[in-house]
Amino acid sequence: MKKLTVRLALATLLLIGSNNAGAQGLKDAYKDYFSIGVAVNKRNVTTDSQMALIKSEFNSVTAENDMKPVSVHPAEGVWNWGAADSIANYCRENGIKLRGHCLCWHSQFSDWMFTDKKGRPVKKEVFYQRLREHIHTVVNRYKDIVYCWDVVNEAIEDNPRPSFVDGKFVPGNPYRESRHWKLCGDEFIAKAFEFAHEADPNALLFYNDYNGCEPGKRDRIYNMVKKMQEQGVPIHGIGMQGHYNIYGPSEEDIDAAITKYSELVKHIHVTELDIRTNTEMGGQLRFSRGEAKPLAPYLQTLQDDQYNRIFRVFRKHRDVIDCVTFWNLSDRDSWLGVNNHPLPFDEQYKPKKVYNIIRDFNPALDNYTVKEDFRPNVMNQPGQEYPQVNSEGYARFRIVAPDAKSVIVSLGLGGRGGTVLRKDKDGVWTGTTEGPMDPGFHYYHLTIDGAVVNDPGTHNYFGSCRWESGIEIPAPDEDFYQCRMDIAHGTISEVLFPSPSTGDMQRAMVYLPPTYGKLTGKGVKAKQERFPVLYLQHGWGENETSWSKQGHAGLIMDNLIAEGKVKPFIIVMAYGLTNNVKFGTIGSFTAKEFETMLVEELVPFIDKNFLTKADKWNRAMAGLSMGGIETKLITLRRPEVFGYWGLLSGGTYMPEDIRSAEGRLQGKKDPKAAKVIFESCGSKEGPDRIRQSVDALKTAGYNAHGYISEGTAHEFLTWRRSLREMAPMLFK
Ligand code: XIL
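Structural notes, computed from the coordinates. (Residues numbered from 1 in each chain as written. Predicted model: local features only at pLDDT ≥ 70, side-chain atom pairs only at ≥ 80, totals over all residues. Heavy atoms only, no water.)

### Regarding the overall build of the chain
No. 1: Helix and strand content of the chain: 20 helices and 32 strands.
No. 2: For the chain, the C-alpha radius of gyration of 34 Å lies well beyond 27 Å, the compact-globule estimate for 732 residues.
No. 3: Viewed in the frame of its principal axes, the chain has a C-alpha envelope of about 120 × 60 × 45 Å.
No. 4: Taking contacts inside the chain between residues at least 6 apart in sequence as the whole, the part at least 24 apart equals 73%.
No. 5: Summing over all exposed atoms, the chain offers an accessible surface of approximately 30,700 Å²; the carbon and sulfur share of this is 51%.
No. 6: Between the averaged position of the 91 positive side-chain charges in the chain and that of its 91 negative side-chain charges there is a distance of 3 Å. (Helix = DSSP H or I, 4+ residues; strand = E, 2+ residues; numbered from the N terminus. Rg over C-alpha atoms; globule rule 2.2 N^0.38 Å. Contact = heavy atoms within 4.5 Å. Areas by Shrake-Rupley, 256 points an atom, 1.4 Å probe, with all protein chains shown as cover. Lys, Arg positive; Asp, Glu negative; His and termini not counted. Charge placed at Lys NZ, Arg CZ, Asp CG, Glu CD.)

So, in structure tokens, the structure goes:
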């Protein structure tokens with residue numbers, strides 16, 4: 001993760017701009033879908049900053065605890081309205097709708113209703129009378145502001161236990177065997193709804209429960225509501241609490257539950273949404289706190305993905321879902337404890353990444369069906385069917401890991417942390433990127449239960465300081481790096497050279513054009529041609545193999561030579577000593593060590609062992625990303641060595657830079673610094689800096705060329721194209 005951060009930081013440092021989604025609250029983003037609610041405590045509605053946050057993000061409020069029977073009505077004749085009133089008043093003053101929660105529940109209830117003054121159990125008629133008075137009093141008090149009530153909460157059993165009585169199968173009790181049920185059977189449910197309806201015929205009345213996506217409990221809830229409705233009980237809506245976790249429920253189960261409930265009710269509210277970063281779920285009051293601290297990045301990715309998926313399902317059902325309420329304002333307030341990290345706002349009330357994922361959804365992707373023309377990625381290992389790529393640029397992955405809890409592919413839509421795969425019933429994990437990937441080459445890896453591994457389906461490429469999996473998304477212009485049968489090819493060989501300055505042998509890959517070593521001319525006049533040399537550097541995290549393998553530098557040259565577009569030259573690709581540079585220190589990177597190795601050791605070695613034209617005007621240096629930083633530093637300090645300079649997503653030169661290099665050449669025979677200055681980047685990397693620099697250089701009279709790779713970011717297609725554009729300008 002750190003390495004990825006370095007790569008991203010580097011990209012940002014160099015060029016990148018940001019694409020900010022419009023600043024608006026969750027409620028605004030979802031105005032065409034459903035209300036966005038939040039459960040609050042008294043502190044939330046009396047602390048200025050939190051009040052402001054509620055107002056900007058939410059348009060429905062639920063009292064987390066303060067309207068529950070135990071809070072407002074702890075003993076017969078005793079009413080505590082303080083906290084409930086402050087929440088209701090906050091809503092009145094700010095024009096925010098209030099969900100009433102809750103009138104009848106086995107927990108946090110007015111348990112005194114079950115016994116008389118001497119502690120003896122009362123008859124159910126007495127209980128009903130007390131319940132009716134309670135419901136009428138509370139509902140009447142908040143009638144003006146409460147638009148719906150959770151009338152009965154959690155009356156259905158989680159795990160009914162079937163039994164055998166006298167050898168006969170007796171199905172388990174679908175109802176929770178609460179004091180209410182023991183006294184009244186399921187009649188208390190009907191009574192509670194009737195009392196609420198009497199008190200406010202305009203309020204929408206909900207049955208509210210957790211784990212309502214689990215098929216068994218879903219069906220028990222469905223059967224109960226259906227039975228009640230058939231008896232004429234006024235149940236208008238079903239509340240799906242939604243205390244979920246990062247592993248489940250699945251989109252399919254949520255979708256199926258909503259679909260099923262909507263056969264019975266016109267209103268579904270997601271009443272208590274939070275997503276734990278462990279395996280627990282539901283509304284039970286026993287749970288673990290804090291074992292997920294600090295939150296591993298892969299767990300964060302799973303949570304981001306789960307929020308993304310469930311909101312996609314909710315949006316799909318906007319016809320029937322009219323409110324989605326987060327259970328608490330921030331992780332700091334969460335009933336699950338701050339270390340379960342369950343909400344979009346962190347303990348400082350700052351929006352987390354997942355906040356943006358929820359808010360800045362792309363409606364076009366919601367109903368989009370991916371084209372089913374997937375083919376194995378061209379970089380796959382022999383015989384491997386996956387990963388696959390379709391004609392739109394979507395990538396699909398498949399990993400067999402039957403006992404894994406989570407599989408994440410690091411490749412996905414920008415900023416999402418990757419593509420989370422889902423397991424099918426055979427233990428096979430599959431997933432497709434949420435949108436099309438940029439064309440060209442991408443590094444990626446898998447994270448299986450937190451462990452980083454490569455995809456066994458595809459080849460490995462050195463990037464991020466390790467051999468990463470690679471995938472190739474077809475590009476419209478991919479012909480220029482294809483391996484053609486109808487042309488002559490050069491060679492790429494691995495060359496070892498002694499490097500006293502680093503105390504080691506170092507390695508370079510050397511591309512020789514197809515005509516290298518061939519005799520030209522006839523008879524005694526026949527001789528071997530000598531070639532100019534381009535020293536071409538890779539980026540941070542990469543090495544000497546990157547340009548030839550994932551960069552296809554050799555193929556690009558072969559094709560350009562075959563088409564007569566370039567004068568053949570040698571390319572030397574050495575390791576640029578980039579990878580020990582620590583995060584945060586790139587700004588003070590000098591490239592001094594590499595300069596010594598390159599200029600004092602490698603260049604002389606190449607000139608001695610290859611047929612080169614060994615002078616500045618036959619020597620170019622270019623590099624991508626951090627290799628561009630090296631190129632800039634070294635060409636400016638050693639303008640007598642290199643005559644053509646190229647920065648590919650690797651910063652820019654300014655006229656004063658070139659003048660300083662000219663200063664170093666003063667008094668020399670040829671005071672010119674560079675014949676060609678080439679600068680490029682992807683259109684998604686903030687290309688204005690390139691344009692400005694090239695304009696400034698041209699105005700100052702230098703021969704500068706800019707190139708912007710359309711539709712690409714800080715990745716290899718940008719640099720392949722840059723090489724294609726730059727090569728014809730060299731050594732002319
Ligand atoms: C929780 C509150 O958030 C906690 O502060 C309290 O201690 C227990 O109740 N299902 C519900 C909510 O319907 O009322 C519960 O709220 C969470 C589970």
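### Topic: the packing of helix H16 (residues 592-609) against helix H17 (residues 626-637)
Each pair of packed helices can be described by the angle between their axes along with the distance between the axes.
No. 1: At a minimum axis distance of 10 Å, the contact between H16 and H17 shows a crossing angle of 65°. Both H16 and H17 take part in a crossing whose hand is right-handed. Note on element contacts: H17 touches H16 through Glu630, Ile634 and Arg637, opposite Lys592, Phe594, Glu595, Leu598 and Val599. (Axes fitted to C-alpha atoms, helices over the stretch in contact; angles between N-to-C directions. Left-handed = near helix turned anticlockwise from the far one by under 90°.)

### Regarding the site of the ligand
No. 1: Not every one of the 15 residues close to the ligand is listed here, only the nearest: Glu64, Asn65, Lys68, His101 and Glu272.
No. 2: A distance of 2.7 Å separates an oxygen atom of the ligand from a polar side-chain atom of Lys68.
No. 3: One nitrogen or oxygen atom from the side chain of Gln241 is found 3.2 Å from a nitrogen atom belonging to the ligand.
No. 4: Notes on the ligand: free accessible area 410 Å², of which the protein chains cover 85%.
No. 5: Among the residues forming the shell around the ligand, the class breakdown is four nonpolar, seven polar and four charged. (Near = heavy atom within 4 Å. Polar contact = N/O pair within 3.5 Å; in protein donor to acceptor, adjacent residues only side chain to side chain. Nonpolar A, V, L, I, M, F, W, Y, C, P; charged D, E, K, R; others polar.)

### Here we look at the pairing of strand S1 (residues 35-40)
No. 1: Counted residue by residue, S1 has six buried out of six residues, so it is predominantly covered.
No. 2: Neither face of S1 is open: one carries Ser35, Gly37 and Ala39, the other Ile36, Val38 and Val40, and all of them are buried.
No. 3: In this sheet, strand S11 (residues 321-326) lies alongside S1 in parallel orientation, the contact comprising four bridges. Each residue of the ladder has a partner; that of Ile36, found in S11, is Val324.
No. 4: Sheet topology places S1 next to strand S2 (residues 60-63); four bridges connect them, and they run parallel. Looking at the pairing, Ala39 lines up with Thr62 of S2.
No. 5: As for the winding sense of the linkage, the β-α-β connection from S1 through helix H3 (residues 48-57) to S2 is right-handed. (Buried < 20%, exposed > 50% of the residue type's maximum accessible area, 1.4 Å probe, protein only. Pairing = 2+ DSSP bridges. Right-handed = clockwise from strand over helix to strand, strands pointing away.)

### Things to note about the pattern of salt bridges
No. 1: A complete count under the given rule lists 46 salt bridges for this structure.
No. 2: Among the ionic pairs, Lys260 bridges to Asp219, the shortest N-O distance being 3.2 Å. Taken together, the positions of Lys260 in helix H10 (residues 251-261) and Asp219 in helix H9 (residues 215-230) put the pair 41 residues apart, joining distant regions of the chain.
No. 3: The class for Lys260 is partly exposed, based on a relative accessible area of 23%.
No. 4: Classification of Asp219 by relative accessible area gives partly exposed; the value is 25%. (Salt bridge = Lys/Arg side-chain N within 4 Å of Asp/Glu carboxyl O.)

### Notes on the packing of aromatic side chains
No. 1: Per the counting criterion, the structure on display carries 37 aromatic pairs.
No. 2: Aromatic side chains Phe164 and Phe169 sit 5.7 Å apart centroid to centroid with 70° between the ring planes, which places their arrangement in the edge-to-face category. The same class applies to Phe164 and to Phe169, which are both exposed.
No. 3: Each residue in the set Tyr30, Tyr33, Phe34, Phe58, Tyr307, Phe311, Phe314, Phe326, Phe345, Tyr355 and Phe361 is aromatic and connected to the rest through ring pairs, giving one cluster.
No. 4: Taking NZ or CZ as reference, Lys97 lies 4.7 Å from the ring centre of Tyr147, over its face.
No. 5: We note Arg99 situated over the ring of Phe206; from NZ or CZ to the ring centre the distance is 5.1 Å. (Phe/Tyr/Trp six-rings, centres within 6.5 Å; stacked < 30°, edge-to-face > 60°. Lys NZ or Arg CZ within 6 Å of the ring centre and 35° of its normal.)

### Describing the packing of H9 against H10
No. 1: Orientation of H9 relative to H10, taken along the N-to-C sense of each, is 10°, at an axis distance of 10 Å. Our classification of the angle between H9 and H10 gives roughly parallel. Side by side, H9 and H10 meet where Pro215, Arg218, Asp219, Ile221 and Tyr222 of the first sit next to Asp253, Ala256, Ala257, Lys260 and Tyr261 of the second.
No. 2: A breakdown of the residues in the contact of H9 with H10 according to their chemical character gives six nonpolar, no polar and four charged. (Parallel < 35°, antiparallel > 145°, perpendicular 65-115°, else oblique.)

### What about the pairing of strand S22 (residues 466-473)?
No. 1: Burial within S22 is extensive, with six of its eight residues counted as buried.
No. 2: Pairing geometry for strand S18 (residues 440-444) and S22, over five bridges, is antiparallel. Note that in S22 the partner of His442 across the bridge is Ile471.
No. 3: Summarising the sheet, strand S21 (residues 460-463) and S22 pair through four bridges and their orientation is antiparallel. Note that in S22 the partner of Gly463 across the bridge is Arg466.
No. 4: Taking the residues that link successive antiparallel strands as the turn, the S21-S22 hairpin has two residues, and the phi of Ser464 there is positive, at about 55°.

### A short note on the side chain of Glu542
No. 1: Looking at the secondary structure, you find Glu542 in the loop between strand S27 (533-537) and helix H14 (546-549).
No. 2: Owing to a relative accessible area of 1%, Glu542 belongs among the buried residues under this scheme.

### Quick word on unusual backbone geometry
Excluding glycine, residues mostly have negative phi values, and the peptide bonds linking residues are mostly trans.
No. 1: A cis amide bond links His101 to the next residue, Cys102, at an omega of -10°.
No. 2: Following Tyr386, the chain continues into Pro387 via a peptide bond in cis, with omega recorded as 0°.
No. 3: Relative to the helices and strands, Pro387 is located in the loop between strand S12 (375-376) and strand S13 (388-389).
No. 4: The backbone of Glu154 shows a phi angle near 55°, a positive value even though the residue is not glycine.
No. 5: One can find Glu154 in the loop between strand S4 (146-153) and strand S5 (163-165).

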